[in-house]
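Breakdown of the fold
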Number of protein chains: 2
Amino acid sequence: MSESRQRDTRQRIVIATAELFRRQGYNGTSVKQVTAAAAAPFGSLYHFFPGGKEDLGDAVVRSSGQAYLELFEVIYDAADGPAAAISDFFDGAAEVLVETGYLDACPIGTVALEVASTNDRLRRATADVFDSWIAAAGTRLERAGVDAAAAHELALTLVAAVEGGFMLSRAAQSPEPMRAAGRSMRRLVEDALVLSPRRDRPVRSRAARAREAPQPVREGGDLRRSRQRP
Amino acid sequence: MSESRQRDTRQRIVIATAELFRRQGYNGTSVKQVTAAAAAPFGSLYHFFPGGKEDLGDAVVRSSGQAYLELFEVIYDAADGPAAAISDFFDGAAEVLVETGYLDACPIGTVALEVASTNDRLRRATADVFDSWIAAAGTRLERAGVDAAAAHELALTLVAAVEGGFMLSRAAQSPEPMRAAGRSMRRLVEDALVLSPRRDRPVRSRAARAREAPQPVREGGDLRRSRQRP
DNA sequence: GCTCTACTAGAGCGATCACTCTAGCGAGGG
DNA sequence: CCCTCGCTAGAGTGATCGCTCTAGTAGAGC
């Protein structure tokens, strides 16, 4: 039972810290605030994270990053093709922003900018997280038939647009920037699919292909929706 | 002479603070650090900014935002059409990042995320700045023939992509995310121009049209460059 | 030359920062 | 039954935070 108790408190601290980081960043969050929010004894924080705030920050960035990656994968794989997946993801992010009063945004973004030039360990943690997101998106685009270089470039753009969308939407307290970015990204994805040199992908199982591209080929004519707000 | 002396110190404080904000954000920058960097007496800071750090932050955000707006306008108006302008802007940002060791990024972005949920006055300052950027980009796209709704959506996306590009490039310490975002944005702009319903804009002077769109009409065929890295 | 105002200059304030240290609790193994 | 050890618990550390306050300087206007 001691192991589960350990896990409980440690996990409670990480979750509470993640929420605080999302709202007020790394420098804006004090360790006292963390222990209060997690209902954890102050001493426990330094028991589980002997390196102090930096240890905690590293753990929080990586675990939040992993959770967000899984959220992306779930949404993507449940959607009706890559373009719809991107729409769903951005619209979902916009919805969460509205519902939480623009509090629950990306758990990494604020920290990433804060530490980029001041803390190399945490900077690397955020870079690793971003890389995992970019790889996940890039791999899926490749599976859908986009060639590797284009897929990587598009994946970079998608992640950048998500982060920028969070920034603008939180600042303006409006879901519109996130939604606009989502519509633009959908268009980019659609174009990349149309332009992809071959739609028969090489060494992929039929099942995987069917799962990921239920509407694999569309003609160019109706690809770009005429109205901006579907 | 007293007025110019005043301007000197005040301006020195604002400039030094802007640089510190870019690198370490709002919460990560102390007022002692500011006065040291500006070589300004500590008392002077509270003479010019009676409201303290928040007053200073508001002034810095707005003045940095204005400076960056002007930089965008200069680059845009000097470029060979909207698509080239966007390329130039993103490539320039990437170049500055590399040259400064990923220190000199957006002076607003970090602060915007830090204060979005914790300081409404500063949040509004960052929102105003973003709005001014979006308006500048949107107006120019409209002038180039993109209809109002599409131009606004594209402008939102451009700003989001710039901010996201800064975030990813600083985290990865690589110009590639910013450059990739720039190439994607160029493609979006080119598509928007091709899709724009009318290329004869309504009540615009001939001189303005000539200045902003020296290569106004391009056919769709060669619009999308075949290689990813020009 | 005197005054008045704008600015310089920095010591010092209470609050809060990240963190340390000691003391004790409670469950599992002997 | 008691010992051990993972964990709880929080008072206390020096350092630093944003900020206030008083004293002093320099130049413009009379």
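A brief report on the enclosed structure follows. Computed from a predicted structure; not experimentally measured. (Residues numbered from 1 in each chain as written. Chains lettered and ligands numbered in written order. Predicted model: local features only at pLDDT ≥ 70, side-chain atom pairs only at ≥ 80, totals over all residues. Heavy atoms only, no water.)

**A few points about the overall build of chain A**
Definition in use: For the purposes of this entry, the term helix denotes a DSSP run of H or I that reaches at least four residues, the term strand denotes a run of E that reaches at least two, and both are numbered from the N terminus. The buried label goes to any residue with under 20% of its type's maximum accessible area, the exposed label to any with over 50%, and the partly exposed label to all in between, with areas taken from a 1.4 Å probe on protein chains only. For this analysis, residues touch if any pair of their heavy atoms sits within 4.5 Å. With residues, only the protein chains shown are counted as cover, and all accessible areas are computed by Shrake-Rupley using a 1.4 Å probe.
The number of helices and strands found in chain A is 10 helices and 0 strands. Secondary structure elements of chain A occur, N-terminal to C-terminal, as α-α-α-α-α-α-α-α-α-α. Counting the 230 residues in chain A, one finds 54% classified as buried. Considering only intrachain contacts with a sequence separation of at least 6, the fraction spanning at least 24 residues in chain A is 71%. Accessible surface, chain A: about 10100 Å² in total, of which carbon and sulfur atoms supply 51%.

**A look at the interface of chain B and chain A**
Note the following rule: Buried area, as used here, totals the accessible surface that two parts lose on assembly, with accessibility defined by a 1.4 Å probe and the loss added over both. Within this document, salt bridges are pairs made up of a side-chain nitrogen of Lys or Arg and a carboxyl oxygen of Asp or Glu, the two lying within 4 Å of each other.
In this complex, chain B contributes 50 residues to the contact, which on the side of chain A involves 50 residues. Here chain B and chain A share an interface that buries about 4100 Å² over both sides, 65% of which is from carbon and sulfur atoms. By the criterion of area lost to chain A, the three top residues of chain B are B:Leu113, B:Glu153 and B:Met167, representing 17% of everything that side buries. Where chain B packs against chain A, one counts 4 salt bridges. The closest approach of N and O atoms between B:Arg183 and A:Glu153, which form a salt bridge, is 2.6 Å.

**Some remarks on helix α7 (residues 120–143) of chain A**
Residue and element names in this part refer to chain A. Applicable threshold: The span expected for a helix works out to 1.5 Å for each residue beyond the first. In the analysis that follows, any N or O atom pair within 3.5 Å is treated as a polar contact, provided that within protein one partner can donate a hydrogen and the other can accept it, and provided that, for residues neighboring in sequence, both atoms belong to side chains.
The end-to-end C-alpha distance of α7 is 34 Å, a good match for the 34 Å that 24 residues give at a rise of 1.5 Å each. Residue Asn119 occupies the N-cap position of α7, its side-chain oxygen lying 3.2 Å from the main-chain nitrogen of Arg121. Directly beyond the C-terminal end of α7, a positive phi value near 110 degrees is found at Gly145.

**Some details on the environment of A:Gln173**
With respect to the helices and strands, the residue A:Gln173 is situated in the loop between α8 (148–172) and α9 (176–195). Taking the C-alpha atoms as reference points, A:Gln173 and A:Leu97, separated by 76 residues in sequence, lie 8.5 Å from one another. Apart from the residues within four sequence positions on either side, A:Gln173 is in contact with A:Tyr102, B:Ala116, B:Asp120 and B:Arg123.

**Description of the pattern of salt bridges**
Close approach of charged atoms lets side chains of opposite charge pair. Residue and element names in this part refer to chain A. With the rule as written, the count across this model stands at 34 salt bridges over all chains. Asp104 is the salt-bridge partner of Arg23, the closest N and O atoms lying 3.4 Å from each other. Pair noted here: Arg23 is in helix α1 (residues 2–24) and Asp104 is in the loop between α5 (82–99) and α6 (109–115), with a separation of 81 residues, a long-range link. The exposure class assigned to Arg23 is partly exposed, which follows from its relative accessible area of 24%. Put simply, Glu54, Asp55, Asp58, Arg62, Arg121 and Asp128 are held in one network by salt bridges that share partners.

**Observations concerning the relation of the copies chain B and chain A**
Both copies of the chain are related by one operation, a rotation about an axis with a shift along it. Short version of the rule: Residues reaching a pLDDT of at least 70 in both copies supply the C-alpha atoms on which the copies are superposed by least squares.
Placing chain B over chain A gives an RMSD of 0.0 Å and needs a rotation angle of 180 degrees, together with 0.0 Å of translation along the axis. As the rotation angle and translation indicate, the two copies are arranged about a two-fold axis.

**Here's the deal with the packing of α9(A) against helix α9 (residues 176–195) of chain B**
The relative placement of two packed helices is expressed as an angle between their axes plus a distance between the axes. Put simply, the rule is: Only the stretch in contact is used when a helix axis is fitted, and all axes are lines through C-alpha atoms; the angle between N-to-C directions ranges over 0 to 180 degrees. In these notes the angle categories are as follows: under 35 degrees is roughly parallel, over 145 is roughly antiparallel, 65 to 115 is roughly perpendicular, and the rest is oblique. In the scheme used here, Gly and all other residues not listed as nonpolar or charged are polar, with Ala, Val, Leu, Ile, Met, Phe, Trp, Tyr, Cys and Pro taken as nonpolar and Asp, Glu, Lys and Arg as charged.
Packing of α9(A) against α9(B) brings their axes to within 11 Å, and their N-to-C directions diverge by 90 degrees. As far as their axial angle goes, α9(B) and α9(A) are roughly perpendicular. In contact with A:Ser184, A:Met185, A:Arg187, A:Leu188 and A:Asp191 of α9(A), α9(B) contributes B:Ser184, B:Met185, B:Arg187, B:Leu188 and B:Asp191. Here the residues of the contact of α9(A) with α9(B) sort into 4 nonpolar, 2 polar and 4 charged.

**Section: the environment of B:Pro41**
All names here are of chain B. Looking at the element boundaries, Pro41 is found in the loop between α2 (31–38) and α3 (42–48). Relative accessible area serves as the criterion here: at 46%, Pro41 is assigned to the partly exposed category. Between the C-alpha atoms of Pro41 and Thr9, which are 32 residues apart in sequence, the distance is 9.0 Å.

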